[in-house]
Amino acid sequence: MRFTVLGSGSTGNSVLITTENTRVLVDAGLSAKQILLRLAEVGEDFEKLDAVLITHEHSDHAGGLRVLLKTVRCPVFLSDKTQDAYLRPKNGANGERETRLRQKVLKDNTVSIESDEGFTIGDIDFEPFSVPHDAADNFGFVAKNSGVRVATLMDFGHFTPLMKEKLTGCDAIVVESNHAIDMLRACPVYSWELKERISSPTGHISNEDVAEWLTEDYDGSARDIVLAHLSQKANEPNLAKLTAEYALETREPLFRTETRITLSRHDKPTEWLDYR
Ligand SMILES: [Zn+2]
Ligand SMILES: [Zn+2]
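Cut-offs used in this document
- Residues numbered from 1 in each chain as written.
- Chains lettered and ligands numbered in written order.
- Predicted model: local features only at pLDDT ≥ 70, side-chain atom pairs only at ≥ 80, totals over all residues.
- Heavy atoms only, no water.
- Salt bridge = Lys/Arg side-chain N within 4 Å of Asp/Glu carboxyl O.
- Helix = DSSP H or I, 4+ residues; strand = E, 2+ residues; numbered from the N terminus.
- Buried < 20%, exposed > 50% of the residue type's maximum accessible area, 1.4 Å probe, protein only.
- Pairing = 2+ DSSP bridges.
- Right-handed = clockwise from strand over helix to strand, strands pointing away.
- 1 Å grid on protein atoms, 1.4 Å probe; cavity = no way out; pocket = protein on both sides within 12 Å on 5 of 7 lines; lining within 4 Å.
- Points joined across faces, edges and corners; volume = space filled by probe spheres on them.
- Nonpolar A, V, L, I, M, F, W, Y, C, P; charged D, E, K, R; others polar.
- Contact = heavy atoms within 4.5 Å.
- Patch = residues over 30% accessible without salt bridge, like charges linked within 9 Å, V, L, I, M, F, W, Y side chains within 5 Å.
- Areas by Shrake-Rupley, 256 points an atom, 1.4 Å probe, with all protein chains shown as cover.
- Lys, Arg positive; Asp, Glu negative; His and termini not counted.
- Charge placed at Lys NZ, Arg CZ, Asp CG, Glu CD.
- Donors = N, O, S within 2.8 Å, 3.2 Å for Na, K, Ca; no water.

**Focus: the pattern of salt bridges**
Inference 1: Applying the stated criterion across every chain yields a total of 17 salt bridges.
Inference 2: Here R66 and E98 are joined by a salt bridge, their closest N and O atoms 2.9 Å apart. Linking R66 in helix α3 (residues 65-71) with E98 in helix α5 (residues 95-106), this pair joins segments that are 32 residues apart in sequence.
Inference 3: Note that K107 and D108 form a salt bridge whose closest N and O atoms lie 3.6 Å from each other. One exposure class covers both K107 and D108, and it is exposed.
Inference 4: Taken together, the salt bridges that share partners define one network made up of R223, D224, R260 and E271.

**Focus: the pairing of strand β12 (residues 224-228)**
Inference 1: Of all 5 residues making up β12, 5 are buried, and the element is well covered by its neighbours.
Inference 2: Burial of β12 is two-sided: the residues D224, V226 and A228 facing one way and the residues I225 and L227 facing the other way are all buried.
Inference 3: Of the pairings in the sheet, the one linking strand β11 (residues 172-176) to β12 comprises 5 bridges and is parallel in character. When the sheet's bridge partners are listed, A172 is paired in β12 with D224.
Inference 4: Each parallel crossover has a hand, and the one from β12 via helix α10 (residues 237-249) to strand β13 (residues 260-263) is right-handed.

**So, empty space enclosed by the protein**
Inference 1: Across all of its chains, the model carries 1 cavity of 30 Å³ or more by this definition.
Inference 2: Forming the boundary of the largest cavity are V15, V26, D27, T55, H61, N138, F139, G140, F141, T152, L153 and M154.
Inference 3: At the level of elements, β9 (139-145) and β10 (148-153) are the ones that each hand at least two residues to the lining of the largest cavity.
Inference 4: Sort the elements by how many residues they give to the lining of the largest cavity and β9 lands first, with 3 residues.
Inference 5: The residue makeup of the lining of the largest cavity, split by class, is 6 nonpolar, 5 polar and 1 charged.

**Details of the environment of V67**
Inference 1: Mapped onto the elements, V67 comes out in helix α3.
Inference 2: Overall, the relative accessible area of 37% leaves V67 in the partly exposed class.
Inference 3: For the pair V67 and A32, spaced 35 residues apart in the sequence, the C-alpha separation amounts to 5.8 Å.

**Section: helix α4 (residues 80-87)**
Inference 1: Among all positions in α4, only T82, Q83, A85, Y86 and L87 are buried.
Inference 2: Its buried side turned inward, α4 meets α2 (59-62), α3, β5 (76-79), α5 and β6 (110-113).

**Notes on the environment of L184**
Inference 1: Of note, L184 is situated in helix α7 (residues 181-186).
Inference 2: Using a relative accessible area of 4% as the deciding quantity, one classes L184 as buried.
Inference 3: It is 9.1 Å that separates the C-alpha atoms of L184 and S231, two residues lying 47 residues apart in sequence.
Inference 4: Other than its neighbours up to four places away in sequence, L184 contacts H179, Y190, K195, I198, S199 and A234.

**A look at a positive patch on the surface**
Inference 1: A cluster of like positive charges, contributed by K70, R97, R100 and K104, occupies part of the molecular surface.
Inference 2: Examining the composition of the positive patch, we find that 3 residues originate from one element, α5, more than from any other.

**Describing the coordination of the zinc ion (ligand 2)**
Inference 1: The protein atoms that coordinate the zinc ion (ligand 2) are H56 (NE2), H58 (ND1), H133 (NE2) and D155 (OD), at distances of 2.2 to 2.3 Å.
Inference 2: When the donor residues of the zinc ion (ligand 2) are listed from N- to C-terminus, their spacing reads H-x1-H-x74-H-x21-D.
Inference 3: Separating the zinc ion (ligand 2) from the zinc ion (ligand 1) is a distance of 3.6 Å, and D155 supplies a donor atom to each of them. Residue H58 is located in the loop between β4 (51-53) and α2, and its partner D155 is located in the loop between β10 and α6 (161-166); the two are separated by 97 residues in the primary sequence.

**Some details on the coordination of the zinc ion (ligand 1)**
Metal coordination angles in their ideal form are 109.5 degrees for the four-donor tetrahedron and 90 or 180 degrees for the six-donor octahedron.
Inference 1: Here the zinc ion (ligand 1) is held by D60 (OD), H61 (NE2), D155 (OD), D155 (OD) and H229 (NE2), and the distances to it run 2.1 to 2.7 Å.
Inference 2: As a motif over one chain, the donors of the zinc ion (ligand 1) read D-H-x93-D-x73-H.
Inference 3: Judged by relative accessible area, which is 11%, D60 ranks as buried.
Inference 4: Judged by its relative accessible area of 0%, H61 falls in the buried class.

In short, geometric facts, not functional conclusions.
Written out as structure tokens, the structure reads:
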């Protein structure tokens, strides 16, 4: 199994996970055009996608889906609650029209999943788990194939005991590291309400929260941890990376680890991380 984060940040998120026989696009939050361009850039044929898996309805995870489905013909895996939220008309003149168009592309083209019950796509087994976020039914998951375990989780306000448990024994973990607490506080372009939303227990996770998990709870088993969903306004990539690396270094001597920290980017794919 291998994966690449095609793009990640507050403006859009998509991850591609593949095996020899299966290709799954996780979230379609980049524009359809960017998803198709980046699939080509990493050497994948969009016609061979087996599924698009949608974690939650927020536009930075599902905003490119409708237009993408004009080109890509594969089933969309999502939970009923997420589908309802995705199809709920937004305010404004185009809200009803957008809902009709969304209904049309999803018609007879969805597979209903539960956010806390395993499902399979091709030869990849998915073990999803709920995460605390202000969406209808967001989840993270562990993707499993031939003994390899890759976890992906974005958009959550705090680590729960269940999440910490699911993140053990993984070969790779893609985890949100949204903001630096001080940078979010000082950010001149975000309103007070938005700052409250981001830093709430159902908002987004900070570099400092990730560092605490890395020091206190992470089991050290992953070869790679990819930091994702970095805010372009309230974070700085090198700061996020240094904070995580420093956290790994301050683990108790017996629990030191060789884990490598990689940054994802909003504007281009990461390299392939390969566990075959
Ligand atoms: Zn998001
Ligand atoms: Zn979200």
